[in-house]
Amino acid sequence: MKKLNALLVFSLVLLAGCSSNQKAILKYREMVQKKDYKSALEMMKGDSIYKDEQSRLLKFLELGTLHLYSGEYYQALQYFDRARDLSDKLFTVSISKKIAGTIGNEASDNYYGEGYERSLIRYYTILAHYNLYEKGVYEAYTDEERDDKGKVLKSTPMPEVVLDDSKKRFHLTAAKSVLLEWNSILEDMKKTTAGEVTYKDDLLAKFVGAVLHEKADSTSDRQIALNLYKESKNTVFRYYNSYQSFNTKYADFNKDYKKLSSLDTKAVQSGYVNSTPLSLAVTSYADEQVKEWGTKDKDNVYLVWHEGTISPKEIKKYDFPIGLTAVTVKSNEKMDFVGFAKQALAISDMADPKVEFEMPVIPYRPNNEDFKMIVKKGGKTVFEKPALLMDPLSEMAFYTLDSKAVSDLAKTGARVVAKHLTALGASFATYKGLKDKMGDGIAMLSGVGAYNLAARGIAESEKADLRSWLTLPNQVRMNSFKLSPGEYELYTFNGVTKAETLVGRFNVAGDEKVALKTFF
């Protein structure tokens, strides 16, 4: 009984901690949405969010993203490099645990990232490298050593470092190297998730990858860039047709996804695909890039806009049949146990008893807005083009967690049931031990009370893992423009609300044949 009471106290403390953590996360997300990155950085460096060792990967990712959004690319790169290494190590460990069958509740385990998060670590590392190449400077900053509470123990000023041409070129080469790594991860995801409707490929790896190779400007790089534009249409057809923003028949496409690989392309196209305007805009853009390849008409400036923040994870409750007869008791006590268990589970009829548990989900939020990119110079519109949807991240995240829930449901349910059966067995033993001494009524109250304590502890130990990379965007949009040297502004226009919003300002240098500009 003492152990059960201790478990209850621990559970209540854990619950209070979770509640406090969620409030801190809401405050943090508000700071990011308001672009108050300085306050968000200070909060993330403290101990209110992701303070435990098991969430260290997310701490690195949040700090790296905030530095990137603040234009502090050197510091961003330090965190993203650490995140890449740690994610790979943790993912390898998680695979070993799956093989050994030792995985428990994820909320108490090391967080190694969802598929789309592990993939996008590479994208964000590429952006840090590329912007260092463009900027040519490691910013001055203060290197801090902090304790577990986030208190600064030691500060060391680090001076600005101006990069020479070879060091700048190193970062472009490094960006291309990470791109190769990214494509390797995506290929592995396609193999390991065959037949599943989930995140498998990324148009950013194609289109931003093509820009990197165009920038490198060797014969082989130019050919790779051209091939990436061509491959992008296959990515849309095979993987992006799962998304409502790309395909009005997405529900049928997803329902029959396992059998689509056995059908020819024409059958899939006619029976399962009805491309949306957003999808047609992307594939038309790919065709245009190929058609204008090597001509004087080709665009030279690529603008990438990261809009909003990704939908946060939420709790979804599931129930699972408990199978009362599975518990080991003497044959002549079987009915006594079933009767006791039904009392403990508050079941008054003959319904099949079930237990409840949580799993994380992301609400479905299609990224189907009609956005345009407007480039202005001195307040006058120079170009207006569709904002091409590269990553419908909230949709991608939904399908990733939905697929994971389907595959994990039986495993998680069996684990939770085993815990409840063990608790019921122990509580039944308490009931039997007290029955002759104290009477059936008091014994039943004691036994049921013992189970209720244990059940609360089980519920806390099986809380849904709501940890995630909080600062990822809701979606990523892109387009390219042919611009002469000068100062420009990028605006976005929402076709529904008719709102025109300044996203940011940028400069096109006179010697830039190809330029990539990112906006957050």
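Not measured: the values here are computed from a predicted model.

Q: It is not clear to me how the sheet that holds strand β11 (residues 475-481) should be interpreted in this structure. Could you clarify?
A: Across a sheet, strands are paired by hydrogen bonds formed along the backbone, either parallel or antiparallel in direction. What the 4 strands build is an open sheet, ordered β10-β11-β5-β14; its pairing is mixed. A strand with exactly one partner marks an edge of an open sheet, and here the two such strands are β10 (388-391) and β14 (515-519). The sheet shows a mean angle of 30 degrees between the axes of neighbouring strands, taken without regard to direction. As judged from the 7 bridges shared by strand β5 (residues 301-307) and β11, these two strands associate in the antiparallel manner. If you follow Glu307 over to β11, its bridge partner there is Gln475.

Q: In this structure, what is going on with the environment of Glu395? I would like to understand it.
A: In this fold, Glu395 is placed in helix α14 (residues 393-438). Using a relative accessible area of 0% as the deciding quantity, one classes Glu395 as buried. Note: C-alpha distance between Glu395 and Thr198 (197 residues apart in sequence) is 9.7 Å. With near-sequence residues (within four places) excluded, Glu395 lies in contact with Tyr243, Gln244, Ser245, Tyr364, Arg365, Pro366 and Asn367.

Q: I'm lost on the confidence of the model for the protein chain in this one. Help?
A: When pLDDT is low, close inspection of the predicted coordinates is not appropriate. Taken over all residues, the pLDDT of the protein chain has a mean of 91, while the share at 70 or more is 90%. In this model, residues 1-17 is a region of pLDDT below 50 whose contacts with residues beyond four sequence positions or in other chains number 17 contacts.

Q: Mind showing me how you'd approach the nonpolar core here?
A: Most often, soluble globular proteins have nonpolar side chains that are buried together. Membership of the largest hydrophobic core comes to 100 residues, with the highest contact counts inside it found for Tyr28, Leu68, Tyr116, Tyr123, Trp182, Phe207 and Trp469. Here this core gets 11 residues from one element, more than from any other, and that element is helix α5 (residues 115-135). With sequence-adjacent residues up to four places away left out, Leu68 is seen in contact with Tyr73, Ala76, Phe80, Tyr124, Leu127, Ala128 and Phe520. One finds Tyr318, Phe337, Phe428 and Tyr451 within the second-largest nonpolar core, a separate group that totals 26 residues.

Q: Looking at this structure, how should I read the sheet that holds strand β9 (residues 380-386)?
A: Taking strand neighbours across the sheet as the criterion, the 4 strands line up as β9-β8-β12-β13 in an open arrangement whose pairing is antiparallel. Of all the strands in the sheet, the pair left with one neighbour each is β9 and β13 (500-508). Averaged over all pairs of adjacent strands, the angle between their axes in this sheet comes to 25 degrees, without regard to strand direction. Here strand β8 (residues 371-377) pairs with strand β12 (residues 486-494) via 6 bridges, running antiparallel. Among the inter-strand pairings, Phe371 is bridged to a residue of β12, identified as Asn494.

Q: I'm lost on helix α3 (residues 56-69) in this one. Help?
A: What sets the pattern is the α-helix's 3.6 residues per turn: residues three or four places apart point alike. Relative to the 20 Å expected for 14 residues at 1.5 Å per residue, α3 spans 20 Å between its end C-alpha atoms, a close match to the ideal helical length. The buried count for α3 comes to 13 of 14 residues, which makes it a mostly enclosed element. Just past α3, the residue Gly71 takes up positive phi, approximately 80 degrees.

Q: Please explain unusual backbone geometry as it appears in this structure.
A: One can expect most non-glycine residues to show negative phi and most peptide bonds to be in trans. Positive phi, close to 60 degrees, is recorded for Lys35, a residue that is not glycine. By the secondary structure assignment, Lys35 is in the loop between α1 (2-33) and α2 (37-45). Take Lys35: its relative accessible area is 47%, and that puts it in the partly exposed class. We note that Tyr50 has phi near 50 degrees; this positive angle belongs to a residue other than glycine. Of the residues examined, Tyr50 reaches a relative accessible area of 5% and is grouped as buried.

Q: Quick question: what am I supposed to make of the environment of Leu388 here?
A: As for its placement among the helices and strands, Leu388 is situated in strand β10. Residue classification places Leu388 among the buried residues on the basis of a relative accessible area of 4%. Separated by 131 residues in the primary sequence, Leu388 and Tyr257 place their C-alpha atoms 25 Å from one another. Apart from the residues within four sequence positions on either side, Leu388 is in contact with Ala281, Val282, Tyr285, Val476, Arg477, Met478 and Asn479.

Q: Any chance you could explain the pattern of salt bridges here in plain terms?
A: One pass over the full model with this rule turns up 31 salt bridges. In this structure, Lys404 and Glu114 form a salt bridge, with 3.3 Å as the shortest nitrogen-oxygen distance. Here the residue Lys404 occupies a position in helix α14, and Glu114 occupies one in the loop between α4 (73-100) and α5, the gap between them amounting to 290 residues. Here Lys404 falls in the partly exposed class, since its relative accessible area comes to 24%. Of the charged contacts, one joins Lys190 and Glu187 as a salt bridge, the two residues approaching to 2.8 Å between their closest N and O atoms. In this pair, Lys190 and Glu187 are both assigned in helix α6 (residues 165-192), 3 residues apart and thus about one turn of the helix distant. Exposure remark for Lys190: the relative accessible area of 17% places this residue in the buried category.

Q: Just to check I follow, could you spell out the side chain of Asp202 for this structure?
A: Of note, Asp202 is situated in the loop between α6 and α7 (203-216). Comment: no salt bridge for buried Asp202; closest opposite-charge side chain is Lys206, at 8.1 Å. One polar contact links Asp202 to Tyr199, side chain to side chain, over a distance of 2.7 Å. The contact partners of Asp202, leaving out residues within four places of it in the chain, are Leu120, Trp182, Leu186, Thr235, Tyr240 and Asp391.

Q: Please explain the packing of α2 against α3 as it appears in this structure.
A: When two helices pack together, their arrangement is given by the angle between their axes and by how far apart the axes lie. Across the interface, α2 lies against α3 with an axial gap of 10 Å and an inter-helix angle of 160 degrees. Classed by the angle they form, the pair α2 and α3 counts as roughly antiparallel. When the axes of α2 and α3 are compared, the crossing they make is left-handed. In contact with Tyr37, Ala40, Leu41, Met44 and Lys45 of α2, α3 contributes Lys59, Glu62, Leu63, Leu66, His67 and Tyr69. Counted by class, the contact of α2 with α3 contains 7 nonpolar, 1 polar and 3 charged residues.

Thresholds, definitions, all that
Residues numbered from 1 in each chain as written. Predicted model: local features only at pLDDT ≥ 70, side-chain atom pairs only at ≥ 80, totals over all residues. Heavy atoms only, no water. Pairing = 2+ DSSP bridges. Helix = DSSP H or I, 4+ residues; strand = E, 2+ residues; numbered from the N terminus. Axes fitted to C-alpha atoms, helices over the stretch in contact; angles between N-to-C directions. Buried < 20%, exposed > 50% of the residue type's maximum accessible area, 1.4 Å probe, protein only. Contact = heavy atoms within 4.5 Å. pLDDT = per-residue confidence, 0-100. Core = buried A, V, L, I, M, F, W, Y, C linked by side-chain atoms within 4.5 Å. Expected span 1.5 Å × (residues − 1). Salt bridge = Lys/Arg side-chain N within 4 Å of Asp/Glu carboxyl O. Lys, Arg positive; Asp, Glu negative; His and termini not counted. Polar contact = N/O pair within 3.5 Å; in protein donor to acceptor, adjacent residues only side chain to side chain. Parallel < 35°, antiparallel > 145°, perpendicular 65-115°, else oblique. Left-handed = near helix turned anticlockwise from the far one by under 90°. Nonpolar A, V, L, I, M, F, W, Y, C, P; charged D, E, K, R; others polar.

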